[in-house]
Amino acid sequence: MLKGKTVLLGVSGGIAAYKTCTLVSHLKDRGANVYVIMTKEAVKLVSPHIFRSLSGNPTIIDLFDYRHITLPHIALSEMADILVIAPCTANVIGKIAQGIADDALTTVVLASTAKKLVAPAMNCNMWRNTVVQENVEKLKEMRFEFVGPEIGKLACGDIDIGRMSEPNSIIEKINEILSPTQDLRGLSILITAGGTREQIDPVRFISNRSSGKMGYTLAEAAVSRGAEVTLISGPCSLTPPEGVKTIMVESAQEMHDEVAVHREGKKAIIMAAAVADYRPSITFWQKLKKDSNNFTLELSKTSDILAELGRNKNGTFLVGFAAESNDHISNAKEKLEKKNLDIIVANDISAFEQDDSEATIINKSGKIETLTKFSKKEIAHRINVKAAERPLKLSTE
Ligand SMILES: Cc1cc2nc3c(=O)[nH]c(=O)nc-3n(C[C@H](O)[C@H](O)[C@H](O)COP(=O)(O)O)c2cc1C
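Here the structure is a predicted model, which is why all the values come from computation and not from measurement.

> Is there a simple way to think about the layout of surface pockets in this case?
Where empty space is left can be seen by rolling a probe of water-molecule size over the atoms. Counted as a void, the largest pocket has a volume near 1200 Å³. Forming the walls of the largest pocket are 42 residues, and the residues nearest its centre are Ala-274, Val-275, Asp-277, Phe-321 and Lys-335. Secondary structure elements with two or more residues in the lining of the largest pocket: α10 (213-224), α12 (305-311), β16 (317-324), α13 (328-338) and β17 (343-348). For the lining of the largest pocket, the residue count by class is 18 nonpolar, 12 polar and 12 charged.

> What exactly am I supposed to notice about the UniProt feature "binding site: CTP" (unreviewed entry) in the protein here?
Under the local residue numbering, the UniProt record ascribes the feature "binding site: CTP" (unreviewed entry) to Asp-277, Lys-287, Phe-321, Lys-335 and Lys-339. A maximum C-alpha distance of 37.6 Å among these annotated residues, which run over 63 residues, shows that they spread across the structure rather than meeting at one spot. For the largest pocket, the lining residues drawn from the annotated set are Asp-277, Phe-321, Lys-335 and Lys-339. Residues in contact with Lys-335, not counting those within four places in the same chain, are Leu-306, Phe-321, Ala-322, Leu-341 and Ile-344. Of the polar contacts made by the side chain of Lys-335, one reaches the backbone oxygen of Phe-321; its length is 2.7 Å. Among the structural elements, Lys-339 can be located in the loop between α13 and β17. If near-sequence neighbours (up to four positions away) are discounted, Lys-339 is found in contact with Asp-304, Leu-306, Ala-307, Gly-310 and Leu-318.

> Honestly, the pairing of strand β7 (residues 159-163) in this entry has me stumped. Any pointers?
In summary, the side chains of a regular strand alternate between the two faces of the sheet. For strand β6 (residues 150-153) and β7, the ladder comprises four bridges, and the chain directions are antiparallel. Bridge pairing in β7 links Glu-150 to Arg-163. Counted between consecutive antiparallel strands, the loop separating β6 from β7 contains five residues, among which Gly-157 sits at a positive phi close to 100°.

> Is there a simple way to explain helix α4 (residues 72-79) in this structure?
A turn of α-helix holds 3.6 residues, and therefore any two residues three or four places apart point the same way. Burial in α4 covers these residues: Pro-72, His-73, Leu-76 and Ser-77. In an axial view of α4, the angular spread of the buried residues amounts to 125°, which keeps them on one side of the axis. Contacts made by the buried residues of α4 are with β1 (6-11), β2 (33-38) and α6 (104-111).

> What is the right way to read the packing of helix α1 (residues 17-29) against helix α9 (residues 167-178) from this model?
Each pair of packed helices can be summarised by the angle the axes make with each other and by the distance between the axes. Two elements in contact, α1 and α9, have axes separated by 9 Å at closest approach and are oriented at 45°. In terms of orientation, α1 and α9 fall into the oblique class. The hand of the α1/α9 crossing is right-handed. Seen from α1, the contacting residues are Lys-19, Thr-22, Leu-23, His-26 and Leu-27; seen from α9, they are Pro-167, Asn-168, Ile-170, Ile-171 and Ile-174.

> Just to check I follow, could you spell out the pattern of salt bridges for this structure?
If the charged atoms of two oppositely charged side chains come close together, the side chains can form a pair. Counting across every chain of the model gives 15 salt bridges. Of the charged contacts in the structure, one is a salt bridge between Asp-103 and Lys-95, with a shortest N-O distance of 3.6 Å. Both residues of the pair, Asp-103 and Lys-95, count as buried. A salt bridge links Asp-183 to Arg-225; the shortest N-O distance between them is 2.9 Å. With Asp-183 in the loop between α9 and β8 (188-193) and Arg-225 in the loop between α10 and β11 (228-233), the pair connects residues that are 42 residues apart, well separated along the chain. Take Asp-183: its relative accessible area is 22%, and that puts it in the partly exposed class. Because the salt bridges share partners, they merge into one network encompassing Lys-19, Arg-163 and Glu-166.

> Would you mind going over the site of the ligand with me for this structure?
Near the ligand lie 14 residues; those nearest to it are Gly-13, Thr-39, Thr-89, Ala-90 and Ala-121. Take Ala-121: an N or O atom from its main chain is 2.8 Å from a nitrogen atom of the ligand. Surface burial for the ligand is 64%, taken as the share of its 640 Å² of free accessible area covered by protein chains. For the shell around the ligand, the element with the most residues is helix α5 (residues 90-98), which contributes three residues.

> Would you mind going over unusual backbone geometry with me for this structure?
Negative phi values dominate among residues other than glycine, just as trans dominates among peptide bonds. For the bond running from Ala-86 to Pro-87, omega is -5°, close enough to zero to count as cis. With an omega of 5°, the peptide bond between Gly-148 and Pro-149 qualifies as cis. Examined against the element boundaries, Pro-149 turns out to sit in the loop between β5 (145-146) and β6. Its identity is not glycine, yet Asn-314 carries a phi of approximately 50°, on the positive side. Here Asn-314 lies in the loop between α12 and β16. Using a relative accessible area of 67% as the deciding quantity, one classes Asn-314 as exposed.

Parameters at a glance
- Residues numbered from 1 in each chain as written.
- Predicted model: local features only at pLDDT ≥ 70, side-chain atom pairs only at ≥ 80, totals over all residues.
- Heavy atoms only, no water.
- 1 Å grid on protein atoms, 1.4 Å probe; cavity = no way out; pocket = protein on both sides within 12 Å on 5 of 7 lines; lining within 4 Å.
- Points joined across faces, edges and corners; volume = space filled by probe spheres on them.
- Helix = DSSP H or I, 4+ residues; strand = E, 2+ residues; numbered from the N terminus.
- Nonpolar A, V, L, I, M, F, W, Y, C, P; charged D, E, K, R; others polar.
- UniProt positions renumbered as here; feature names shortened; annotations may be inferred.
- Contact = heavy atoms within 4.5 Å.
- Polar contact = N/O pair within 3.5 Å; in protein donor to acceptor, adjacent residues only side chain to side chain.
- Pairing = 2+ DSSP bridges.
- Buried < 20%, exposed > 50% of the residue type's maximum accessible area, 1.4 Å probe, protein only.
- Arc of directions from axis to C-beta.
- Axes fitted to C-alpha atoms, helices over the stretch in contact; angles between N-to-C directions.
- Parallel < 35°, antiparallel > 145°, perpendicular 65-115°, else oblique.
- Left-handed = near helix turned anticlockwise from the far one by under 90°.
- Salt bridge = Lys/Arg side-chain N within 4 Å of Asp/Glu carboxyl O.
- Near = heavy atom within 4 Å.
- Areas by Shrake-Rupley, 256 points an atom, 1.4 Å probe, with all protein chains shown as cover.

Now the structure itself:
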């Protein structure tokens, strides 16, 4: 979710500034570009060199140090996807509320149109001070988001409100702000992806061209909308999306068994995997020799996972895929009915291994929606929206 996003991270002069080092390193682990802007007081608490090393970017303290960039505050504010201030002192909250821009951080805040998140940290009496509370309200009116402060042990030794939220809570909030919507929050979804491998001998197998991209993109989209996602994947070269419980399998039988284990309690199951229809009747345990001109391989049908799920749905919203080379719509409609699906996504076999795809989504009542020249990501979001509509209705039934 944070991959490729630019986070401007303001650090002001609160004792919790040391925790922001962990925050920077977690953001970097998640693939974000991080630029740290420190106030002069923050520099007295944590060295800017630490932030420079952790972020891989210069730490900004004084805008006038950047003579090679004409307007550094504008350049910085324009590249941000989000501006986070952690810790945010009572002083910085007050300055932003009054429109004061007397250092690098407050100037960038004023210039930036990006989404903004504030993680206040201060002594409990400072936090409760009427003027601080009025400033907080003002920031909320200005559409600043807040995370914390939390109740816990403060620098003064008291257990009270004022602690900065932990780095992981701040990251969760950033994800929430940057995600398009959280309409799948509280729903658990099972998604399958990739092709399976049916072993002939220790080195040979039967498989197909599925890259896993559609299933992985679906999982990424679902988790970004707040779902709890379990992904069961055949062998592929993709990195499992962050925040998704991923189970790797090889064969159709393993896929079948893992689906059986994990289907329980799922509001939606999206079967995007290209599961083999047939497997060799016998798997040779030693590598086959090339000693005859002809070789006949007997194949047996694998278990039909989708049909099994359709026979025993228990209210689960069931989504199937149909990769077709011809008669896409009629074949997909037949599959939808035969396997008792809620929707089916028909696409052309040319979509294998591609980032973009054309897809036709057909629902039970025969409604057809064709998505032409859509990225797999957009298709994934569209399918998730449909999955969201039904389970949400179910939960209020
Ligand atoms: C050791 C130390 C810790 C401080 N911790 C906090 C704090 O957690 N929150 C806060 O609002 N002010 C804190 N202050 C006071 C601020 O540093 C002070 O108000 C300063 O002017 C804030 O400057 P800045 O907002 O530009 O960073 C602390 C001061 C010191 C000396």
